[in-house]
Amino acid sequence: MNRVLIGIRGVELPEQMEKILNALRALEGVQRAEQATLGQVEVEYDPYRLTVMDLIRSIREQGFLAGML
């Protein structure tokens, strides 16, 4: 398993963060997705099934800008 910290712009409410976490957790290959701080998530994922760009793309599909920290 790999672990990555992703920064997210535009998150202002806990409900928005929950929406992002639910989207990440729904991806096949994500072992764990937790909020590090408001605007940051730590994701543990299977690198044989997903890339960091897959994770970022999932966040962007929720309407937020994201990038690896």
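In this text, all values refer to a predicted model and were calculated from it rather than measured experimentally.

### Some words on the pattern of salt bridges
Here is step 1 of the chain: Scanning the entire structure with this criterion turns up 7 salt bridges.
Here is step 2 of the chain: One salt bridge connects Glu-34 with Arg-25, and the closest N-O pair in it is separated by 3.8 Å.
Here is step 3 of the chain: Taking relative accessible area as the criterion, Glu-34 reaches 36% and is therefore assigned partly exposed.
Here is step 4 of the chain: Here Arg-57 makes a salt bridge to Asp-54, at a shortest N to O gap of 2.9 Å. In this pair, Arg-57 and Asp-54 are both assigned in helix 2 (residues 52-60), 3 residues apart and thus about one turn of the helix distant.
Here is step 5 of the chain: Shared partners join several salt bridges into a network, and the residues in it are Arg-3, Arg-32, Glu-42 and Glu-44.

### Thoughts on the sheet that holds strand 3 (residues 40-45)
Here is step 1 of the chain: Spatial ordering of the open sheet is given by 2-3-1-4, a layout of 4 strands whose pairing is antiparallel. The sheet terminates laterally at strand 2 (30-37) and strand 4 (65-68), the two strands that pair on one side only. The average angle at which neighbouring strand axes cross in this sheet is 25°, direction not considered.
Here is step 2 of the chain: The pairing of strand 1 (residues 2-9) with strand 3 spans 6 bridges and is classified as antiparallel. Bridging from a neighbouring strand, Asn-2 pairs with Tyr-45 of strand 3.
Here is step 3 of the chain: On top of the sheet, helix 1 (residues 14-25) reaches strand 1, strand 2 and strand 3; it is set at about 160° to strand 2, its chief contact.

### A closer look at the pairing of strand 3
Here is step 1 of the chain: Of the pairings in the sheet, the one linking strand 2 to strand 3 comprises 6 bridges and is antiparallel in character. The residue bridging Ala-33 from the neighbouring strand is Val-43, located in strand 3.
Here is step 2 of the chain: Counted between consecutive antiparallel strands, the loop separating strand 2 from strand 3 contains 2 residues, among which Gly-39 sits at a positive phi close to 100°.

### What to know about the nonpolar core
Nonpolar side chains tend toward joint burial in soluble globular proteins.
Here is step 1 of the chain: Ile-6, Ile-8, Leu-24, Val-41, Val-43, Leu-55 and Ile-59 are the most contacted members of the largest nonpolar core, which totals 20 residues.
Here is step 2 of the chain: Of all the secondary structure elements, the ones that give two or more residues to this core are strand 1, helix 1, strand 2, strand 3 and helix 2.
Here is step 3 of the chain: Those residues in contact with Ile-6 that sit more than four places away from it in its chain are Gly-39, Gln-40, Val-41, Val-43, Leu-55, Ile-56, Ile-59, Ala-66, Gly-67, Met-68 and Leu-69.

Conventions adopted
- Residues numbered from 1 in each chain as written.
- Predicted model: local features only at pLDDT ≥ 70, side-chain atom pairs only at ≥ 80, totals over all residues.
- Heavy atoms only, no water.
- Salt bridge = Lys/Arg side-chain N within 4 Å of Asp/Glu carboxyl O.
- Buried < 20%, exposed > 50% of the residue type's maximum accessible area, 1.4 Å probe, protein only.
- Helix = DSSP H or I, 4+ residues; strand = E, 2+ residues; numbered from the N terminus.
- Pairing = 2+ DSSP bridges.
- Axes fitted to C-alpha atoms, helices over the stretch in contact; angles between N-to-C directions.
- Contact = heavy atoms within 4.5 Å.
- Core = buried A, V, L, I, M, F, W, Y, C linked by side-chain atoms within 4.5 Å.

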